[in-house]
Amino acid sequence: MAVDTTRATGGFGDPLPERDILEGFDRLIAANRLFGADLNSSVIKKSGKGTPFLVRRHPSHHRMLALWRDIFANRVLPQEILEALAPEVLGLAHGDGLLLFGKDRVLYDCQIVRGNEGVGHLTLCFYREREPVFRFLPFPRRPGRRIVYIEGISLSAQSTGYASSLFRHYERLFRDLGFHRFRLKASLSVGKYYWAKEGFDCEDRKQFGEMRENLHALVRRLGLPVEEQEVRRLNHASMVATFRRELLIPVYRNADGYYAAARDASHTEEFRFPLGKAFLLCSDPWDGCKVIYTDTPRRTGLVWSEGFLDHEARPGHPESPKRLEALLAAIREEGMRESLIFLEPYIPAMESLHAVHDPAYLEAFREAAARGDRHFAVRDCAISEGSYQAALLAAGGVMAGIDAVLSGRSDNVFCAVRPPGHHAGRSSAMGFCFVNNVAAGARYARSAYGVERIYILDWDVHHGNGTQALFDEDPLTFFCSLHEHPSFCYPGTGRRLERGKGPGLGATLNVPLAPHAGDREVIEAFEREVVPSIEAFRPELILLSAGFDAHRDDPIAELECTEDAYVHMTRRVLELADRHCEGRVVSVLEGGYRTESLVSSAIAHIKTLQGREGSPCSSDRG
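About the criteria used
- Residues numbered from 1 in each chain as written.
- Predicted model: local features only at pLDDT ≥ 70, side-chain atom pairs only at ≥ 80, totals over all residues.
- Heavy atoms only, no water.
- Patch = residues over 30% accessible without salt bridge, like charges linked within 9 Å, V, L, I, M, F, W, Y side chains within 5 Å.
- Areas by Shrake-Rupley, 256 points an atom, 1.4 Å probe, with all protein chains shown as cover.
- Salt bridge = Lys/Arg side-chain N within 4 Å of Asp/Glu carboxyl O.
- Lys, Arg positive; Asp, Glu negative; His and termini not counted.
- Charge placed at Lys NZ, Arg CZ, Asp CG, Glu CD.
- Helix = DSSP H or I, 4+ residues; strand = E, 2+ residues; numbered from the N terminus.
- Buried < 20%, exposed > 50% of the residue type's maximum accessible area, 1.4 Å probe, protein only.
- Expected span 1.5 Å × (residues − 1).
- 1 Å grid on protein atoms, 1.4 Å probe; cavity = no way out; pocket = protein on both sides within 12 Å on 5 of 7 lines; lining within 4 Å.
- Points joined across faces, edges and corners; volume = space filled by probe spheres on them.
- Nonpolar A, V, L, I, M, F, W, Y, C, P; charged D, E, K, R; others polar.
- Pairing = 2+ DSSP bridges.
- Axes fitted to C-alpha atoms, helices over the stretch in contact; angles between N-to-C directions.

Asks: Please explain a negative patch on the surface as it appears in this structure.
Replies: A surface patch of like charges, here negative, comprises E306, D310, E312 and E325. Tracing the chain through its elements places D310 in the loop between β13 (300-303) and α10 (322-333). Judged by its relative accessible area of 45%, D310 is partly exposed.

Written out as structure tokens, the structure reads:
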């Protein structure tokens, strides 16, 4: 594969002089490679018939320059972008490449050629969204995300891997140019499967929910051996594309190359494809997007749901829905929403939870919430009618995070879930916890994905006694807790002598800290004890019980950390994960009960997961 190696593909620096860009416009105009044009909306692009553009005279130089500045930030010359968009890939090249200036966008149009033969067509559209300055008012508006829209791609000659290689090249190019998204309309029959496999997601989450329901209906109609829970946990189009590859089902194609799930007068030619592929080939068109992360070296997922807010405690209870509401508001205000992969949690199969909790205990919890009880098991575990479902959803949120990192959709994940879970035991609720989210995630990673060696690091200020007890005798799950000394802090467990039991002896490490320990003491203990234990264990997956109540402003305990400690520990965990488990880290929110310090610590933690530079932190501080 030959790829163009102009300056454009190697990264872009400061804006270029406007006179150079204007000169580039003139050169392309003279070569008949730059025009003014609008898309002809009457043309059905997939048919390849008709004229796709209504050509007009190019706009004024002033207007073209303003549009170029808005979309490309003057970081690339017009002739350079044409060259960068036309690499030779697998023997296919671009011919007759044009730049077309519309009212608010720039289009690239070309013919795909093999030698001197035209074998396809490609149109890309570059534009910038406009966002309201005030969330609920349409005006005034400000520049928003830079978008690359795939208006159409067709290829009459088969070339396995062409589109995939081309768009991976484009993804690097557009990242360097500061774009935020690919967008597309997956209208082509084969395109729906291909784009889903390439990681494009359905933009309309309601439509994606309907897609998932339609898949379940197909499974029921064909009587396939697929559990409802298997379908329920699908939360991305790429997961649909690769779903149950071993199950082959019949689909029927018509003369135009479109597929249907049932034979009719026009769809007569039978094929057998894997379930997910077959379903997508027959599905309705959908709008999709693929985020290009321009300012975050790592792809970080965020598990979030309004359902977590349904768990309501009594007034004045420290574990309130306001914790998550404030965190999500801060993510918006920090401009992080578009750089995070939002992941939907799901209610897990009860069998998954029974691997962690006694069925009778879960049933007692469900009944207490249904009766409208004010608390469950102990008085500090306040509940409401929505508490049971919220707790199940929180555990399913961790499972969704594990799905994302083990399927490659994201490098790491932060699960903004509640209620917290690390005090919950097999048959006990305590410390605001009902279902042990991290423990349920660890068991799920092992059963669903075959992950053996799992390292759980708990840096909540309170010892994670429930998690420790659940894995006390498990040599393949290493539990490490960094917490305030149990003589001074709830729940009174987590002494150094607690090292595991039976075959799990040595797979538990407790690092208690004296009251009023701050960043220096925490980081020294982390480097001295936690880091070597991770190195020695060599995990395949790292789970974090990320409580932020060790912060000096938190009212619940007496450690005095700042955001710097969380940044340091997060960065070091990522370094170790890169070395041992392909960067796979799933972080799960536990404690943190002063809203301001919780939000600032969690934001610093998430930014570090993304690889953003923030507070100074390196291993030489330890």
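Asks: Mind showing me how you'd approach helix α13 (residues 387-407) here?
Replies: Helical periodicity: at 3.6 residues per turn, an α-helix aligns residues three or four positions apart in one direction. Here α13 spans 30 Å end to end across 21 residues, near enough to the 30 Å set by a 1.5 Å rise per residue. Among the 21 residues of α13, 19 are classified as buried, and the element is accordingly described as predominantly covered. Residue G408 follows α13 closely and has a positive phi angle near 85°.

Asks: Got a minute to help me understand empty space enclosed by the protein in this structure?
Replies: If a probe the size of a water molecule is rolled over the atoms, the empty space left behind becomes visible. Counted under the stated rule, the structure contains three cavities of 30 Å³ or more. What the largest cavity holds in volume is close to 60 Å³. Along its surface, the largest cavity is lined by W459, L482, H483, L513, V522, A550, L559, C561, Y566 and M569. Secondary structure elements with two or more residues in the lining of the largest cavity: β19 (477-484) and α17 (563-580). For the lining of the largest cavity, a count of residues per class yields nine nonpolar, one polar and no charged. Considering only enclosed or pocket space, the second largest cavity measures out at about 40 Å³ in volume. Contributing to the lining of the second largest cavity are L218, R221, L222, I249, P250, V251, A261, A278, F279 and C282. Elements supplying a minimum of two residues to the lining of the second largest cavity: α6 (205-222), β9 (248-253) and α9 (275-281). Class assignment of the residues belonging to the lining of the second largest cavity gives a composition of nine nonpolar, no polar and one charged.

Asks: Hey, could you run me through unusual backbone geometry in this one?
Replies: What is expected of a backbone is that most residues other than glycine have negative phi and most peptide bonds are trans. The omega torsion of the bond from R418 to P419 falls at 0°, within 30 degrees of zero and hence cis. Here the residue pair Y490 and P491 is connected by a cis peptide bond, since its omega of 5° sits within 30 degrees of zero. Within the secondary structure, P491 sits in the loop between β19 and β20 (508-513). Residue N74 is not a glycine yet carries a positive backbone phi of 55°. Assignment of secondary structure puts N74 in the loop between α2 (61-72) and α3 (78-84). Even without being glycine, D96 reaches a positive phi, approximately 55°.

Asks: When you look at the sheet that holds strand β14 (residues 340-343) in this model, what are you seeing that I'm missing?
Replies: By definition, the strands of a sheet pair up through backbone hydrogen bonds, in either a parallel or an antiparallel sense. Read from one edge to the other, the open sheet built from eight strands follows the order β14-β13-β17-β22-β21-β18-β19-β20, with strand pairing classed as parallel. The sheet terminates laterally at β14 and β20, the two strands that pair on one side only. Taken pair by pair, the neighbouring strands of this sheet meet at an average axis angle of 15°, ignoring direction. Strand direction decides the pairing type here: strand β17 (residues 412-415) and strand β22 (residues 585-589), joined by four bridges, are parallel. Bridge pairing links N412 to V585 in β22.

Asks: How should I be thinking about the pattern of salt bridges in this particular structure?
Replies: Opposite charge on two side chains permits them to pair, given that their charged atoms come into close proximity. Enumeration over the complete set of coordinates arrives at 38 salt bridges. Across the salt bridge formed by R244 and E230, the nearest N and O atoms sit 3.0 Å from each other. Of the two residues, R244 sits in the loop between α8 (237-241) and β9 while E230 sits in helix α7 (residues 228-232), which places them 14 residues apart along the sequence. Overall, R244 belongs to the buried group, its relative accessible area being 18%. A single salt-bridge network, built from bridges that share partners, covers E129, R145, R181, R183, E203 and E338.

So yeah, pure geometry; function would need other evidence.
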